Amino acid sequence: MQNNIQAQLTESQKKAVFHKDGPILVIAGPGSGKTRVITYRIAALIDSGIKPYNICAITFTNKAANEMRERAALLGASAGAHISTFHSLCVRLLRRYADKTSIKPNFSIYSDAEQRTCMKHAIKDCMLETSNFSPAKMCEAVSTLKNKLMEPEAFEELADDFFSNALAKIYKKYQQILTDNNAVDFDDLLMQAAFLLERNDDTRHQLNEHFKYVLIDEYQDTNHAQYRIAKALARDHGNICVTGDPDQSIYRWRGADISNILAFEKDWPNAVVVKLQENFRSTPNILEVADKLIAANTGRKEKTLIATRQPGQDVEIMACEDENNEANNIASKINELISNGVSANKIAIFYRINAASRPLEEAFIKAKIPYQIVRGVEFYNRKEIRDMLAYLKVLANSSDETALLRIINTPARGIGKTTIGRIQAYAKENNISTYQALKRADRIATLGNGPKAKVKVFADMINGLMKDIAGPVEPLIEKLFAESGLEAALKQASEKDAIDNINALISAAAIYDKNTEEPSLTDYLQQIALFSDADAYDSSVDRVSLMTMHAAKGLEFDNVFIIGLEEGLLPHERSADNEDELEEERRLFFVGITRAKSRLSISYARYRTFRGQLMRTIPSQFLYELGISLPKSSQNPELQQEDDDYSYDEPQDCPFYPNQLIRHKKFGLGRIKQYLELGENSTVTVKFNTGQTKTLLLKYANLETIDI
DNA sequence: GGACTCTTGGTTTTT
DNA sequence: CCAAGAGTCC
């Protein structure tokens, strides 16, 4: 490798980049060059004579994979290394070695909506009520089991109470439905791939021969299934290099297991451990705040971020009246930045939940600020797009009944519930798929002549299109749009937006065709199923970026605004009851803060609209952990007035100390966990005997102290 | 079979 | 406040 490239690395980075064989653990803070290490390592390996195709690098998003590919090429690494996400890699493996699994290579990948549809059927098939067993909850439970690589049969044996017995039944049924549809969900991709590798020694061996070097970025967010896949991928040679930061683990709720990175040295006892402590991204002002915040987490290995940049602007905390005021304040600050010559694409706004983008959008339109909302999957959630994709899924995989039922009467073609029921009954009786039954509709005795004719027209249309599924995707989609009747239906209803969206889908398919060596419908569908929000981020356009803190992972911006620092929002209310989840919320905020290079502004609103109602908020407990003082008053005299009205019933001095026993009218007995002196906004965090932990505004809480 | 109204339930984060 | 599902009517 050229010397000038070497010069771009620190001594510790070099250690990880140039150490050749065996396991390497790179444990490092934000902005320390973790991803850079992986990229350079790919280049260095190729430079040392390793063939590109012998390298397998795994990133967290497709976007990150693309970027890594480009950067490695810039370093002179010839193309050919496999760089992708875990999920994409698994798709490839399952397609290639489908004969060793229970699925066929043209399998459909089900989105959450499709998963829920199947789950609903599974619950009903088990003679249970969806009102008692909500499909979303059951999907979550099944997902958790799959992430632990627990198959239905194995779980059935463990199930020993009412709920888990029901879950076992539902899980089994759900899995049966997926198999019948020749479909997998996101978790299956990992689970099936893990079993493929673990249960077929020859296949695993062959892959170990092929991928001689395995590199994994963001290792702190791998779940158990991914951990087992990683282990299997490196089993023969042990050339596994992982990078990560336990403080940036933000996917625990999705099964990410922080102990994967913490126990790496146990799994690979000869591992070389490289620590990267310097931060090249942020000013010391920002790092100090990040440091203070994350120090509040108890379950962590202590580490301090070492700043390398010159001091800059202080971190700002903004108190706003409500979400609109917050959005407008930010809009005017951004306009100021832009008029000072800052490019819009150097500015980002992060929030906890997607719904928070709306007031910002309105404010930006008003203030004429160009913006992009980084939410790639939204496009694929539109009804018309899902309809088109359902057609395509049926064409690629005729076993996909979920997709078939979606489109059989979309647009309306007079095939209603009754007809469908009769076709399904016939299919079941004759042990054929619903699609096959459609094709012989004329033989279904229960159908009248009218329905028979309508079904025949539909079946002929699908059959006709199926003849064209080989090769490029774009012409097929275009033909489908016309022949399915969707185009005519949308035109008739003057659904201009919907037509535009489908045209966008067609253009995107053309790009896919152009960029793919061997385009195929199956591959196209499997790829777009794995598209993520973060993939939509376009750094080249000059727009302010709006995204969730989860989507911000791995990115950096000169100017960052983080909004909604309020109890219930960040930390989110659903995390408040659980100490581990609260710590994850803190890590999430930490991730947000450490994206900022030079300027960071954090805001909260004193009122926020919630389910259509303006509600008083409580400033986030995290704000008090940053080590900076909060702004005292709001700018709005009216609201100030309102606060003064309340001030008379403020408690004069606070008798609360940690662990003190108290009683609350509604929640009952509990112990004080924390008391925050904030004047009129003083809060107490109480762990109630019900198991719940709540943060209450002292002035409304009416707590009764119980002295022992 | 399909369009329409009304009710009710529910809001994280995502591959 | 808003989407989805049930129920009602043509």
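Fair warning: this is a prediction, and the values are worked out from it, not measured in the lab.

Re the protein's contact with DNA strand B
What surrounds DNA strand B is a group of 24 residues, the closest being R352, T418, S532, R574 and R611. Here DNA strand B approaches the protein such that, of its atoms within 4 Å, sugar and phosphate make up 52%. For DNA strand B, a phosphate oxygen lies 2.7 Å from a polar atom in the side chain of T418. A distance of 3.1 Å is found between a phosphate oxygen of DNA strand B and a side-chain nitrogen or oxygen belonging to T548. For the surface near DNA strand B, the element with the most residues is helix α21 (residues 417-429), which contributes three residues. Taken together, the residues of the surface near DNA strand B sort by class into six nonpolar, eleven polar and seven charged.

What about the packing of aromatic side chains?
In total, this model carries 13 aromatic pairs according to the counting rule given. Residues Y251 and W253 carry aromatic rings whose centres are separated by 5.5 Å and whose planes lie at 40° to one another, so their mutual orientation is tilted. Its end group placed over the ring of F195, R199 keeps NZ or CZ at 3.7 Å from the ring centre. R616 extends its terminal NZ or CZ atom over the ring of Y607, reaching a point 5.1 Å from the ring centre.

Looking at the protein's contact with DNA strand C
Taken together, K120, R611 and G612 make up the full set of residues adjacent to DNA strand C. The separation between a phosphate oxygen of DNA strand C and a polar side-chain atom of K120 is 2.8 Å.

As for the sheet that holds strand β13 (residues 371-373)
Reading across the sheet, the six strands line up as β11-β16-β15-β12-β14-β13 and stay open at both edges, with parallel pairing between neighbours. The strands lining the two open edges of the sheet, one partner per strand, are β11 (316-320) and β13. Taking the axes of each pair of neighbouring strands and ignoring which way they run, one obtains an average angle of 20° across the sheet. Across five bridges, the pairing between strand β15 (residues 557-562) and strand β16 (residues 596-605) is parallel.

Some words on unusual backbone geometry
Put simply, T410 and P411 share a cis peptide bond, and its omega is -5°. In this fold, P411 is placed in the loop between α20 (401-407) and α21. Residue P571 follows L570 across a cis peptide bond; omega there is 5°. Structurally, P571 can be placed in the loop between β15 and α29 (579-593). Backbone geometry places N182, a non-glycine residue, at a positive phi of 50°.

Overview of the sheet that holds strand β7 (residues 240-244)
One open sheet holds the six strands; their spatial order is β3-β2-β6-β7-β1-β8, and the pairing between them is parallel. What marks the edges here is a single partner per strand, and that holds for β3 (82-85) and β8 (272-276). For this sheet the average axis-to-axis angle between neighbouring strands, irrespective of direction, equals 15°. Sheet strands in contact with helix α2 (residues 11-18) are β1 (24-28) and β8, and its direction is about 145° off that of β8.

Side note on helix α5 (residues 86-96)
Among the eleven residues that make up α5, eight are buried, leaving the element largely enclosed by the rest of the structure. When we look at burial in α5, the residues that qualify are F86, H87, S88, L89, C90, V91, L93 and L94.

Description of the pairing of strand β14 (residues 544-548)
Along any regular strand the residues' side chains alternate between the sheet's two faces. Within β14, five of the five residues are buried, which leaves it mostly tucked inside the rest of the structure. Two elements, strand β12 (residues 347-351) and β14, share four bridges in a ladder whose sense is parallel. Following the sheet pairing, I349 is matched in β14 by L546. With three bridges connecting them, β13 and β14 associate as parallel partners. Residue pairing in the sheet places Q372 in a bridge with S545 of β14.

Regarding the pairing of strand β17 (residues 607-610)
As defined by bridge partners, β17 adjoins strand β18 (residues 613-616) across four bridges and the pair is classed as antiparallel. Pairing of Y607 across the sheet is with R616, part of β18. Joining the antiparallel neighbours β17 and β18 is a turn of two residues, in which R611 adopts a positive phi near 50°.

A closer look at the packing of helix α24 (residues 474-483) against helix α26 (residues 496-515)
For any two helices packed against each other, the geometry comes down to the angle between their axes and how far apart the axes lie. With their axes 8 Å apart at the nearest point, α24 and α26 run at an angle of 160° to one another. The angle between α24 and α26 falls in the class roughly antiparallel. Contacts between α24 and α26 involve E474, P475, I477, E478 and F481 from the first element and I502, L505, I506, A509, A510 and D513 from the second.

Describing the confidence of the model for chain A
When pLDDT is averaged across chain A, the result is 88; 89% of the residues are at 70 or more. Low pLDDT, under 50, characterises residues 633-653; the stretch is placed with 21 contacts to residues that sit more than four places away or in other chains.

Focus: the nonpolar core
Counting 67 residues, the largest nonpolar core has M119, L189, I216, I229 and I240 as its most contacted members. In terms of nonpolar packing, the next biggest core, distinct from the first, is built from 51 residues, A403, I408, I415 and F481 among them.

Some details on helix α12 (residues 224-233)
Burial of α12 is extensive: seven of the ten residues sit out of reach of the surface. The set of residues buried in α12 consists of A225, Q226, Y227, I229, A230, A232 and L233. Two or three places before A225, at the opening of α12, N223 has a side-chain oxygen 3.0 Å from that residue's backbone nitrogen.

With respect to the pattern of salt bridges
Under the defined criterion, the tally for this structure stands at 35 salt bridges. E487 serves as the salt-bridge partner of K491, at 3.4 Å between the closest nitrogen and oxygen. Here K491 pairs with E487, and both are found in helix α25 (residues 486-492), just four residues apart, close to one helical turn. Taken together, the shared-partner salt bridges connect D245, D247, R300 and K303 into one network.

Overview of the side chain of T419
Within the fold, T419 resides in helix α21. Setting aside residues no more than four positions away along its own chain, T419 makes contact with L447, P451 and V455.

As for the environment of L555
Summarising the element assignment, L555 is placed in the loop between α28 (549-552) and β15. For the pair L555 and N503, spaced 52 residues apart in sequence, the C-alpha to C-alpha distance is 30 Å. Look past the residues within four positions of L555 in its chain and what remains in contact with it is R281, Y537, M547 and R595.

Brief notes about the side chain of R204
Mapped onto the fold, R204 is located in helix α11 (residues 201-210). R204 sits in the buried class, given a relative accessible area of 4%. Of note is the side chain of R204, whose polar atom sits 2.5 Å from the side chain of D236. Ignoring sequence-local partners within four residues, the contact set of R204 consists of L197, A232, R235 and D236.

Reading the values: rules and limits
Residues numbered from 1 in each chain as written. Chains lettered and ligands numbered in written order. Predicted model: local features only at pLDDT ≥ 70, side-chain atom pairs only at ≥ 80, totals over all residues. Heavy atoms only, no water. Near = heavy atom within 4 Å. Polar contact = N/O pair within 3.5 Å; in protein donor to acceptor, adjacent residues only side chain to side chain. Helix = DSSP H or I, 4+ residues; strand = E, 2+ residues; numbered from the N terminus. Nonpolar A, V, L, I, M, F, W, Y, C, P; charged D, E, K, R; others polar. Phe/Tyr/Trp six-rings, centres within 6.5 Å; stacked < 30°, edge-to-face > 60°. Lys NZ or Arg CZ within 6 Å of the ring centre and 35° of its normal. Pairing = 2+ DSSP bridges. Axes fitted to C-alpha atoms, helices over the stretch in contact; angles between N-to-C directions. Contact = heavy atoms within 4.5 Å. Buried < 20%, exposed > 50% of the residue type's maximum accessible area, 1.4 Å probe, protein only. Parallel < 35°, antiparallel > 145°, perpendicular 65-115°, else oblique. pLDDT = per-residue confidence, 0-100. Core = buried A, V, L, I, M, F, W, Y, C linked by side-chain atoms within 4.5 Å. Salt bridge = Lys/Arg side-chain N within 4 Å of Asp/Glu carboxyl O.

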